[in-house]
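# Report on the structure
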Amino acid sequence: MVLETSDFRVSYGRIAAVKGLSIAVGEDEAVAVIGANGAGKTSLLAGLAGLVDASGGATYKGASLAGLSSAERVKRGLVLCPEGRRIFPELSVEENLRLGAFRRGRVGPGLERVNALFPRLAERRRQTAGYLSGGEQQMLAIGRALMSEPELLMLDEPSLGLAPVMVDLVFETLAALRAQHIPILVVEQNAAKALAFADRAYILANGSLVKEGPGRELLADDSVRSAYLGI
Amino acid sequence: MSILQAILLGLPQGALYGLMGLGLSLIFGTTGVMNFAQGNSGMLGVFFAWSVLAWTKSLPLAIAAGIAAGALLGVGTDRILMKKVKGLTHGGMLIVTLGLLMAYEGLALIVWGTEPLLFPDLVTLPPLIWTLPPSVNPDGIPLIVAGSDLFILALALVISLLFAAFFKFTKIGLALKARSQDEVGARVVGISVGAVDSLAWGSGVAICVVLGTLVAPKTMVTPGMLTTLQLYGFTAAVFGGFSSLFGAVVGGVILGVLEKLASLGLDALFAATHAANVNSADFQLSVILIVIIATLAIRPTGIFASRFKGKV
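Let me sum up the structure you'll find in this document. (Residues numbered from 1 in each chain as written. Chains lettered and ligands numbered in written order. Predicted model: local features only at pLDDT ≥ 70, side-chain atom pairs only at ≥ 80, totals over all residues. Heavy atoms only, no water.)

### Description of the overall build of chain A
Here is the rule we go by: Helix and strand labels come from DSSP, where a helix needs a run of H or I of at least four residues and a strand needs a run of E of at least two; each type is numbered from the N terminus. Both definitions apply: the radius of gyration is a C-alpha atom measure, and the globule rule equals 2.2 Å times residues to the power 0.38. Any residue under 20% of the maximum accessible area for its type is buried, any over 50% is exposed, and the rest in between are partly exposed; the area is computed with a 1.4 Å probe on protein chains only. In what follows, residue pairs with any heavy atoms lying within 4.5 Å of each other are defined as contacts. Only four residue types enter the charge count: Lys and Arg as positive, Asp and Glu as negative, with His and the chain ends excluded. To locate a charge, take NZ of a lysine, CZ of an arginine, CG of an aspartate or CD of a glutamate.
Within chain A, the secondary structure is distributed over 10 helices and 11 strands. Taken against the 2.2 N^0.38 rule, which gives 17 Å for 231 residues, the C-alpha radius of gyration of chain A at 17 Å falls within 12% of a compact globule. By principal-axis analysis of the C-alpha atoms, chain A measures approximately 45 × 40 × 30 Å. Buried positions account for 54% of the 231 residues belonging to chain A. Look at the contacts in chain A between residues 6 or more apart in sequence, and 68% of them connect residues 24 or more apart. Taking the 26 positively charged and 26 negatively charged side chains of chain A as two groups, their mean positions are separated by 4 Å.

Pasting the structure below:
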């Protein structure tokens with residue numbers, strides 16, 4: 001397992017957002033976490049990335065994450081592509097990508113990978129990132145995360161707010177990364193797409209686990225279909 | 001006084017405003033905190049430099065010590081105070097830094113007393129005197145730039161260029177820009193936001209100490225020596241757009257020139273209306289306040305505003 005949590009908790013003051021989750025991501029696995037708004041999906045990733053305080057056990061590549069700063073986690077290859085893209089709007093596309101390699105100190109390998117995946121970004125590398133379309137900004141956010149040379153790539157709502165054709169492109173990209181054997185942990189509201197993509201998935205409600213299983217199996221599950229897919 | 005002479009007087013004055021604005025917007029742009037104690041932080045640094053000077057008799061050493069003390073004060077403010085009140089509203093931040101302003105003033109009074117202290121000029125340069133041909137300068141009075149003004153201009157230019165280069169060519173500079181544009185984005189690429197914030201605070205206050213040592217020979221070292229200048233720096237930064245460092249410096253220079261030109265125009269006006277007992281210098285502050293109000297009313301994001309956010 002590249003990532004394993006046990007009784008993982010994230011709280012904001014007295015409000016518990018993640019209430020003791022035990023999840024795992026394998027060495028060569030794509031895992032999805034789905035659930036309604038407020039289920040604790042974003043808090044889970046924020047806790048794993050070290051953006052918010054978390055308690056309980058979390059082991060990444062065999063070592064505990066406890067006490068590690070977010071910068072230290074990025075350095076070890078635990079990389080988050082955050083919700084809402086969070087690119088640097090006034091910097092150029094290239095500067096955004098270079099910043100992705102901030103903790104790596106080398107730009108070359110990441111840049112090659114990003115250019116191959118997103119030729120569009122390569123074309124626009126001198127453009128100010130804030131002027132990119134929503135879909136392009138999402139590409140940039142994923143590209144920036146790849147520049148950190150992730151050994152576990154976490155993505156928070158990568159398809160949020162995108163046009164359907166861009167949603168397809170995002171999941172095609174994830175599939176391409178999956179084929180490059182990068183372990184992926186993706187949080188999504190688009191349950192149908194996420195379950196179809198993932199090897200395994202967890203379903204959260206109110207900060208707790210309600211179901212887990214192979215993505216295709218959950219996709220076929222009647223209770224899941226009615227609760228999360230609206231079918 | 002000719003218009004050219006007014007501009008020549010306004011430039012170094014404006015450079016001082018610009019440096020004050022630079023420090024203010026460096027801290028505000030990066031961390032989102034408006035430091036109302038900026039001038040007084042710089043003032044403490046100058047007092048410290050004065051003490052080191054009295055003790056060691058070495059001006060370079062004293063100034064280096066003052067700048068270092070200012071940087072330390074800035075980092076300390078960030079680490080000890082600002083980390084604790086993180087996430088406060090703008091109003092809350094204002095109260096906190098206003099409180100600091102008063103505390104620093106009190107501290108200076110307790111430690112160094114109320115007597116204004118003398119501070120020597122950093123360098124003594126001869127003034128520049130130009131006698132321009134009558135076609136350019138009809139009244140025939142030569143243009144003069146004081147030696148200390150030349151030094152201020154040169155230093156302001158060097159500091160601005162150093163910062164521009166730092167932001168353009170270094171990885172840390174890029175990280176600072178990134179952090180100012182999106183904190184979460186900065187954290188997920190592994191930028192240590194705490195370190196970047198401390199850097200902004202340290203260098204922001206250090207600039208203010210440099211500025212303080214520049215004006216100290218004129219104002220003398222007193223607890224209130226930088227209070228007015230802070231207001232001007234504030235205006236420069238508002239004028240230039242708070243998140244743009246370049247804007248703060250240019251805004252300051254424009255402001256300095258504008259102030260002298262307005263004073264020139266008012267002089268002419270008062271002379272024409274025979275109100276000879278009115279001193280135009282009394283109206284300089286009004287000019288500044290009019291600029292601040294006009295900027296906020298017409299273009300609240302400043303003339304060099306950033307395109308994708310409005311923090312103010």
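Here the narrative resumes.
### Comments concerning helix α8 (residues 193–219) of chain B
Residue and element names in this part refer to chain B. The following threshold applies: What a helix is expected to span follows from its residue count: subtract one and scale by 1.5 Å. Note on bend: the value at a residue is the angle between axes fitted to the seven residues ending there and to the seven starting there.
Taking 1.5 Å as the rise per residue, α8 with 27 residues should run 39 Å; its terminal C-alpha atoms sit 37 Å apart, in good agreement. Along α8, the sharpest kink reaches roughly 30°, centred on T213 and followed within four residues by the proline P217. For α8, a buried count of 20 out of 27 residues is recorded, marking the element as mostly surrounded by other parts of the structure. A positive backbone phi angle near 65° is found at M220, which sits one or two residues after α8.

### Brief notes about the sheet that holds strand β10 (residues 200–205) of chain A
All names here are of chain A. Selection criterion: At least two DSSP bridges between two strands are required for those strands to pair. Orientation is described by lines fitted to C-alpha atoms, with helices fitted over the stretch in contact, and by angles between N-to-C directions that extend from 0 to 180 degrees.
The strand order β7-β8-β9-β4-β10-β11 describes an open sheet built from six strands, whose pairing is mixed. The open sheet is flanked by β7 (78–81) and β11 (208–214), the only strands paired with a single partner. Direction aside, neighbouring strands of the sheet carry axes that sit 15° apart on average. Bridging between β10 and β11 involves six bridges; their strand directions are antiparallel. Paired with A201 across the two strands is G213, which belongs to β11. Across the sheet, helix α1 (residues 41–49) is in contact with β4 (30–35), β7, β8 (152–156), β9 (184–188) and β10; its angle to β8 comes to roughly 145°. Sheet strands touched by helix α10 (residues 222–229): β4, β10 and β11. Its angle to β10, the strand with the most contacts, is close to 60°.

### Thoughts on a nonpolar patch on the surface
All names here are of chain B. Put simply, the rule reads: What goes into a patch is any residue over 30% in relative accessible area without a salt bridge, connected to like charges within 9 Å or, for nonpolar side chains (Val, Leu, Ile, Met, Phe, Trp, Tyr), within 5 Å. Each accessible area value is a Shrake-Rupley result obtained with a 1.4 Å probe; residue values ignore everything except the protein chains displayed when judging cover. Between Lys or Arg on one side and Asp or Glu on the other, a salt bridge is scored when a side-chain nitrogen of the former is within 4 Å of a carboxyl oxygen of the latter.
On the surface, L94, I95, L98 and M102 cluster together to form a nonpolar patch covering roughly 360 Å² of accessible area. Mapped onto the elements, L98 comes out in helix α4 (residues 90–112). When its relative accessible area of 30% is taken as the criterion, L98 is described as partly exposed.

### A look at helix α3 (residues 93–100) of chain A
Buried residues dominate α3 of chain A, accounting for six of its eight residues. Every buried residue belonging to α3 of chain A is among V93, E94, N96, L97, L99 and G100 of chain A, and all of these are buried. Contacts from the buried residues of α3 of chain A go to α4 (108–117), α5 (119–123) and α6 (134–147) of chain A together with α6 (171–181) of chain B.

### Thoughts on the pairing of β4 of chain A
All names here are of chain A. Counting buried residues in β4 gives six out of six residues, a clear majority hidden from the surface. Residues A30, A32 and I34 point to one face of β4 and V31, V33 and G35 to the other, with burial holding for every one of them. The pairing of β4 with β9 spans five bridges and is classified as parallel. Paired with V31 across the bridge in β9 is L185. Bridge count for β4 against β10 is five bridges, and the pairing is parallel. Residue V33 lies in a different strand from β10, and its bridge partner there is Y202.

### As for the pattern of salt bridges
Here the idea is simple: oppositely charged side chains can pair when their charged atoms come close. Inspection of every chain in the model, using the stated rule, returns 21 salt bridges over all chains. Ionic pairing is found between R86 of chain A and D182 of chain B, a salt bridge with its closest N-O pair at 3.2 Å. Of this pair, R86 of chain A sits in the loop between β7 and α3 while D182 of chain B is found in the loop between α6 and α7 (183–188), placing the two residues in two different chains. Residue R86 of chain A is classed as partly exposed on the basis of its relative accessible area, which comes to 33%. Taking relative accessible area as the criterion, D182 of chain B reaches 10% and is therefore assigned buried.

### Side note on the interface of chain A and chain B
We count it as follows: Put simply, buried area is the surface a 1.4 Å probe can reach on two separate parts but cannot reach once they are joined, added for both. Polar contacts here mean pairs of N or O atoms no more than 3.5 Å apart (in protein, one a potential hydrogen donor and the other a potential acceptor; neighbouring residues in sequence count only if both atoms are side-chain atoms). By the convention adopted, Pro, Cys, Tyr, Trp, Phe, Met, Ile, Leu, Val and Ala count as nonpolar, Lys, Arg, Asp and Glu as charged, and the other residues, Gly among them, as polar.
Contacts between the two partners involve 23 residues from chain A and, on the opposite side, 20 residues from chain B. Together chain A and chain B conceal approximately 2200 Å² of surface at their shared face, both sides included; 64% is due to carbon and sulfur atoms. Considering only the side of chain A, the residues that lose the most area to chain B are F88, E90 and F102 of chain A, jointly responsible for 30% of the buried surface there. Viewed at the interface, chain B and chain A are joined by one salt bridge. The interface formed by chain A and chain B holds six residue pairs in polar contact (both at pLDDT 80 or more) in total. Among the elements of the structure, α2 (70–75) and α3 of chain A are those that each provide at least two residues to the side of chain A that touches chain B. Partitioned by chemical class, the residues of the side of chain A that touches chain B number 12 nonpolar, six polar and five charged.

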